[in-house]
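A look at the structure
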Amino acid sequence: MTGQKIDGIAVANSVKDRVRAAVAELKKEGIEPCLATVLVGDDQASASYVTSKQKDCAEVGIATKDHRLPQTFSQKELESLIDLLNNDNTVHGILVQLPLPKQLDEFGVITKISPIKDVDGLTPYNMGLLASGRALLKPCTPSGIMELFDFYKIDISGKHVVIINRSNLVGKPLYHLMLEKNATVTTCHSKTRDLKSLCLGADIVVSAVGNRSRFTLTQDMVKEGAVVIDVGTSRLDGKLAGDVDYDNVIKKASYATPVPGGVGPMTRAMLLKNTVTATSISKGIGTQR
Ligand code: GUN
């Protein structure tokens, strides 16, 4: 039996259609949703991610303000910029592209962002709400994954989910979102013993390692009928590759996401959704969770 490919591009397009309609409604009320992007340094990959995010915004009618700062930018200067953006009523969302250059304290910067403009859902306040099951602004990659489960009507309740990642951007928030849907969740990482047997026991495996030369999730590591979500991105023979040996895993799984075209487009779409949510929050308009 061959499983079904989860089409992240199609689901992301449906999210974008909803966002476009919500933006049009806000504009009718004279509100122009706006995302400020902040990029520090000259990392080429980060720069192209930010450019893509700005293009996505333009596609659905969200305005952007672009802040590109030198590699040597100081903590104080960056925190002052965040203050300015927090106090700018024309800005509804603030995205600080990560990682930041080494001299900067990432946690200190994120903590400065006003929680109501925190479209990454990474401030301690929003992470606390997430752990309490009450967040409105949730990190984009995990909420994009949850959207895929919703779209394909894949039931999570009572399932054993193995997440191979413990970062603030992916593993930790996904743990809470899955738990909220009544999954039994195991978080794995570089010190986890016998990863293969944990994966073989899982109904759902979410892999977010991002280093294909060090780790590949292979067919012998997943059980028959499992759902496999690939969050990893790395280069393999010069091409974009995920963590998962998709061509073989899909022969055993019930569903799997490809790379590219799986989780990536969802992450981008959820940023747009969060920007609309942040705009609505700032205007005191009720939002759905
Ligand atoms: N770097 C890699 N992924 C992300 C993300 O989702 N948000 C931000 N701000 N930076 C990132």
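Here the structure is shown first, and the text comes after it.
To start, this report covers the structure provided alongside it. Fair warning: this is a prediction, and the values are worked out from it, not measured in the lab.

Quick word on the packing of helix 1 (residues 8-28) against helix 6 (residues 140-151)
The angle between the axes and the distance between the axes are what describe a pair of packed helices. Contact geometry for helix 1 and helix 6: axes closest at 10 Å, N-to-C directions at 100 degrees. Overall, the two elements helix 1 and helix 6 adopt an arrangement that is roughly perpendicular. When helix 1 is examined against helix 6, the residues G8, V11, S14, V15 and R18 are found in contact with a partner set consisting of E147, L148 and F151. Looking at the contact of helix 1 with helix 6 residue by residue, the class counts come to four nonpolar, two polar and two charged.

With respect to the packing of helix 1 against helix 10 (residues 263-282)
Running from N to C, helix 1 and helix 10 point in directions that differ by 20 degrees, and their axes come no closer than 9 Å. Between helix 1 and helix 10, the crossing angle belongs to the class labelled roughly parallel. Note on packing geometry: the crossing formed by helix 1 with helix 10 is left-handed. Contacts from G8, I9, V11, A12, V15, K16, V19, A22, V23 and L26 in helix 1 reach P265, M266, A269, M270, L272, K273, V276, T279 and S280 in helix 10. Considered class by class, the residues forming the contact of helix 1 with helix 10 number 14 nonpolar, three polar and two charged.

Looking at the sheet that holds strand 5 (residues 160-164)
The strand order across the open sheet built from six strands is 1-11-8-7-5-6, with neighbouring strands paired in parallel fashion. The outermost strands of the open sheet, each flanked by one partner alone, are strand 1 (4-5) and strand 6 (184-188). Pairing of strand 5 with strand 6, which is carried by five bridges, proceeds in the parallel orientation. Its bridge partner being in strand 6, V161 is matched across the sheet by V185.

Examining the sheet that holds strand 2 (residues 34-40)
Read across the open sheet, the three strands follow the order 3-2-4; overall the sheet is parallel. The sheet is open, and its two borders are formed by strand 3 (63-69) and strand 4 (93-96), each paired with just one other strand. Sheet twist, expressed as the mean angle between neighbouring strand axes with direction ignored, is 15 degrees. Looking at chain direction, strand 2 and strand 3 are connected through seven bridges and run parallel. Within strand 3, the position partnered with L39 by the bridge is R68.

Cut-off values and rules
- Residues numbered from 1 in each chain as written.
- Predicted model: local features only at pLDDT ≥ 70, side-chain atom pairs only at ≥ 80, totals over all residues.
- Heavy atoms only, no water.
- Axes fitted to C-alpha atoms, helices over the stretch in contact; angles between N-to-C directions.
- Helix = DSSP H or I, 4+ residues; strand = E, 2+ residues; numbered from the N terminus.
- Parallel < 35°, antiparallel > 145°, perpendicular 65-115°, else oblique.
- Contact = heavy atoms within 4.5 Å.
- Nonpolar A, V, L, I, M, F, W, Y, C, P; charged D, E, K, R; others polar.
- Left-handed = near helix turned anticlockwise from the far one by under 90°.
- Pairing = 2+ DSSP bridges.

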